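Secondary and tertiary structure notes
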Amino acid sequence: MLQSKILVGRNYLQSSCLKQRKKLCKDIVKRIPQANHYSTLSDPDFLHESIVPTEHFQKSLPRLPIPPLEKTCERYLAAQEVILTPEELQNTAVITNYFKNHDGQELNNILIAEDKKNKHTSYVTEAWFDMYLKARESVVLNYNPFIVFHNDPKPEYQNQLLRATNMLVSSMKYLKTYRSKVLEPEVFHLNPGKSDNLKFRNFVRRLPELISWYGAYWYKAFPLDMSQYFRLFNSTRIPKHGKDELFTDESAKHILVMRNGNYYIFDVFDRDGMVLAPDVMMAHLDYILKDSRPAPEYPVGVLTSENRDTWATIRQQLLNSGNENTLQLIDSAAFVLTLDDCAPTDPNDITKNFLHGDGKNRWFDKSFSLIFDKEGVACVNFEHSWGDGVAVVRYINEIYKDSTENPKVHPDTKPATVDSSQIVQCLDFTLDNNVKEAIKTAKINFDKHVGALDQHHLEYFKITKKTAKEFRMSPDALMQLAIQMAYYKQYGKFVATYESCSTAAFKHGRTETMRPATMYTKQAVEMICKQNITASQLELGKALMNCSDLHNKLTKDAAMGNGFDRHLFALRNLAEKNGTKTEMFSDPNYAKINHIILSTSTVGSPAINIGGFAPVVRDGYGVGYSIEDNRIGYNVTSYPPDTNVQDFIECLSESLDDIYEIFHGRIPRQS
């Protein structure tokens, strides 16, 4: 699901056309006037003021490539080899080869033709949005993930009111910086020393937008797609029968605050478009925190956790009962700032609160919610249909940095002397008996739904990111190998595994699946987990390096759009749309590799502590993880009794111990 770096190959787009465009870049820019990295702020509300416009590269971004069908089939069979018996693999290979040469070829030709007609987007975009928006399951657990901020490095600022105010101020500065098109464009610098500097920015800012990407490529810098940023603020997923809709209102100036199941709004921009004074925001939040009104008997927010068709019906009833203005104010708010009265200390309880809470103090349909518990621990829970981790993590990084390094309210700051009771509006709903009964039912369904989930965590300190690099192993490959080993220790087999990889290096790129379960991980796991290990320490070390090398290649391939999952997804979608029957997609083994037992994702960021999400299947695990300079962290969820997350965590710990032993020249002892 979540990834902070885009790995782009050095040889991408090496063509005579590219060379001509690079020459054109040189010819266009003869003289570059000097400018600062960020010019002097023309507006104090900006986080910064980039000399390169925010969407300067958007028009010239390369399009997501459609891989050759034969390569897609080859990669598909390589992934299947890990999880199928030889007999199953042989049967699937026959089906796949027929598909490659016959009906798949026909579908692929249609896909290529349609892609050529839609050069403004990617071949997978429309189908990917439909996948999310047509899903009828609850967004809770099935789709919405959460990401927890690190605590404020200054303990005196780790206070709910202070932190909420500072992060709200930073959020509005971020929003204004983006809307004013002066937010620094998102760029992956393959060689930061060469490109992440003033000379680079001075160069690319003078290039026409239609060739600006090629100028960046000249510096080995790769601009990333920013089309998702539009939906980050003032957006909501609206339930509709059959297929939901995404709604955005950029003109709205207010924030939605939830506390104790109640809804409050106030403007965060004044009539001149300036961000509201920090001490005034603080006064409004302080007023809400001290408001003594009880929790509503019928908390409407729990309806957002319902089946989407059910929620669509109830929402229409709410509209018919005179709640149109209230819903419009919720839908158009910049985001939800949620103030919880609980302060869980156990990491597992923190996961429960931030992943789903009690359902009463949430509005799960908003593009994102910024949640604060009673002790100021902060988290983002976001709705997934509109976008992925790239836009969300950029927001998290920016507001964490600004709110901790440039806080606008302090421990000695007094809230402004304003009558917040006259400014902050508490929203009320008019509820008929049908809606009240629906809310009761939704709460019962919610409690049953989230009550079935179990979670556990692991913090491991013997191996760190630095340790992995010292032993020349990719940190991410190490983490994924431990996951494969843990599952094998627990169940004695290998299963379909998913790791999210961003394809934001391309126009309207979303994600590609990276398949971390490989024949090399299978070989390494079986060597290590034998009751009587016969391999030498040298052979074990080599097995780890093989895992790492292939993992890096697969990650780069996925980031470059050269996986197989999205290509087959698009072909299957096209077959369904055209009524084309093909054995490829009815093969039980195609269903097997898409029954994701191990759903995994990681985010590396100085702002982020840990993230989490639920499994995507009832007999699977949801594995959020991070490897940092001082520790390894896993946050794992599952649905008992089909799985046992405590046992899985124990196996993870044992697997990391095994890798640690190999790193230090020892053969692991079997437990």
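Shown above is the structure to which this text applies.
In what follows, the accompanying structure is described. (Residues numbered from 1 in each chain as written. Predicted model: local features only at pLDDT ≥ 70, side-chain atom pairs only at ≥ 80, totals over all residues. Heavy atoms only, no water.)

1. A word on the overall build of the protein
- Of regular secondary structure, the protein possesses 23 helices and 18 strands.
- Taken over C-alpha atoms, the radius of gyration comes to 26 Å for the protein, in line with the 26 Å a tight globule of 671 residues would show.
- Its C-alpha atoms give the protein principal-axis dimensions of about 75 × 70 × 55 Å.
- Counting across all 671 residues of the protein, residues that qualify as buried make up 59%.
- Accessible area for the protein stands at about 27,400 Å²; split by element, carbon and sulfur atoms hold 49% of it.
- Averaging the locations of the 79 positively and 82 negatively charged side chains of the protein gives two centres separated by 8 Å. (Helix = DSSP H or I, 4+ residues; strand = E, 2+ residues; numbered from the N terminus. Rg over C-alpha atoms; globule rule 2.2 N^0.38 Å. Buried < 20%, exposed > 50% of the residue type's maximum accessible area, 1.4 Å probe, protein only. Areas by Shrake-Rupley, 256 points an atom, 1.4 Å probe, with all protein chains shown as cover. Lys, Arg positive; Asp, Glu negative; His and termini not counted. Charge placed at Lys NZ, Arg CZ, Asp CG, Glu CD.)

2. Some words on the packing of aromatic side chains
- Scanning the model with the defined rule gives 34 aromatic pairs in all.
- Relative to Tyr395, the ring of Tyr174 lies with its centre 5.6 Å away and its plane at 80°, an arrangement referred to as edge-to-face. One end of the pair, Tyr174, is in helix α6 (residues 160-179); the other, Tyr395, is in helix α14 (residues 389-405), and 221 residues separate them in sequence. Each of the two residues, Tyr174 as well as Tyr395, counts as buried.
- With centroids separated by 5.1 Å and ring planes inclined at 70°, the aromatic side chains of Phe203 and Trp218 adopt a geometry described as edge-to-face. One end of the pair, Phe203, is in helix α8 (residues 198-205); the other, Trp218, is in helix α9 (residues 212-218), with 15 residues separating them in the sequence.
- Among the residues examined, Trp218 registers a relative accessible area of 29% and is labelled partly exposed.
- Ring-pair connections join several aromatic residues into one group, and the members of that group are Tyr76, Phe99, Phe564, Phe585 and Tyr590.
- Lying over the aromatic face of Tyr157, Lys154 brings its terminal NZ or CZ to 4.9 Å of the ring centre.
- The ring centre of Tyr639 lies 4.0 Å from the NZ or CZ of Arg618, which sits over that ring. (Phe/Tyr/Trp six-rings, centres within 6.5 Å; stacked < 30°, edge-to-face > 60°. Lys NZ or Arg CZ within 6 Å of the ring centre and 35° of its normal.)

3. A few points about the packing of helix α17 (residues 475-491) against helix α18 (residues 519-529)
- Interaxial distance between α17 and α18 falls to 10 Å at its minimum, and their mutual angle equals 55°. Relative to α18, the element α17 lies oblique. When the axes of α17 and α18 are compared, the crossing they make is right-handed. Two secondary-structure elements touch here, α17 through Leu481, Gln484, Met485, Tyr488 and Lys489 and α18 through Thr521, Ala524, Val525, Glu526, Ile528 and Cys529.
- For the contact of α17 with α18, the per-class residue count stands at 7 nonpolar, 2 polar and 2 charged. (Axes fitted to C-alpha atoms, helices over the stretch in contact; angles between N-to-C directions. Parallel < 35°, antiparallel > 145°, perpendicular 65-115°, else oblique. Left-handed = near helix turned anticlockwise from the far one by under 90°. Contact = heavy atoms within 4.5 Å. Nonpolar A, V, L, I, M, F, W, Y, C, P; charged D, E, K, R; others polar.)

4. Topic: the nonpolar core
- Ranked by internal contacts, the top residues of the largest apolar core, which has 151 residues, are Phe335, Tyr395 and Tyr634.
- The residues touching Phe335, leaving out its near neighbours within four places in the chain, are Leu168, Ser171, Met172, Phe233, Ile255, Leu256, Lys366, Phe368, Leu370 and Tyr395.
- Among the nonpolar cores identified, the runner-up in size contains 41 residues, and Leu303, Trp311, Ile314 and Phe429 belong to it. (Core = buried A, V, L, I, M, F, W, Y, C linked by side-chain atoms within 4.5 Å.)

5. What about the sheet that holds strand β9 (residues 368-372)?
- Taken in spatial order, the 8 strands line up as β11-β7-β6-β8-β9-β10-β1-β16 in an open sheet, and their pairing is mixed. With partners counted over all chains shown, the strands left at the sheet margins are β11 (425-427) and β16 (608-612), one partner each. Strand-to-strand twist in this sheet, taken as the mean axis angle between neighbours without regard to direction, amounts to 25°.
- Relative to β11, strand β7 (residues 262-267) runs antiparallel, the two being bridged by 3 bridges. Paired with Tyr264 across the strands is Cys426, a residue of β11.
- Running at roughly 110° to β11, helix α12 (residues 324-332) makes contact with β6 (254-259), β7 and β11 of the sheet. (Pairing = 2+ DSSP bridges.)

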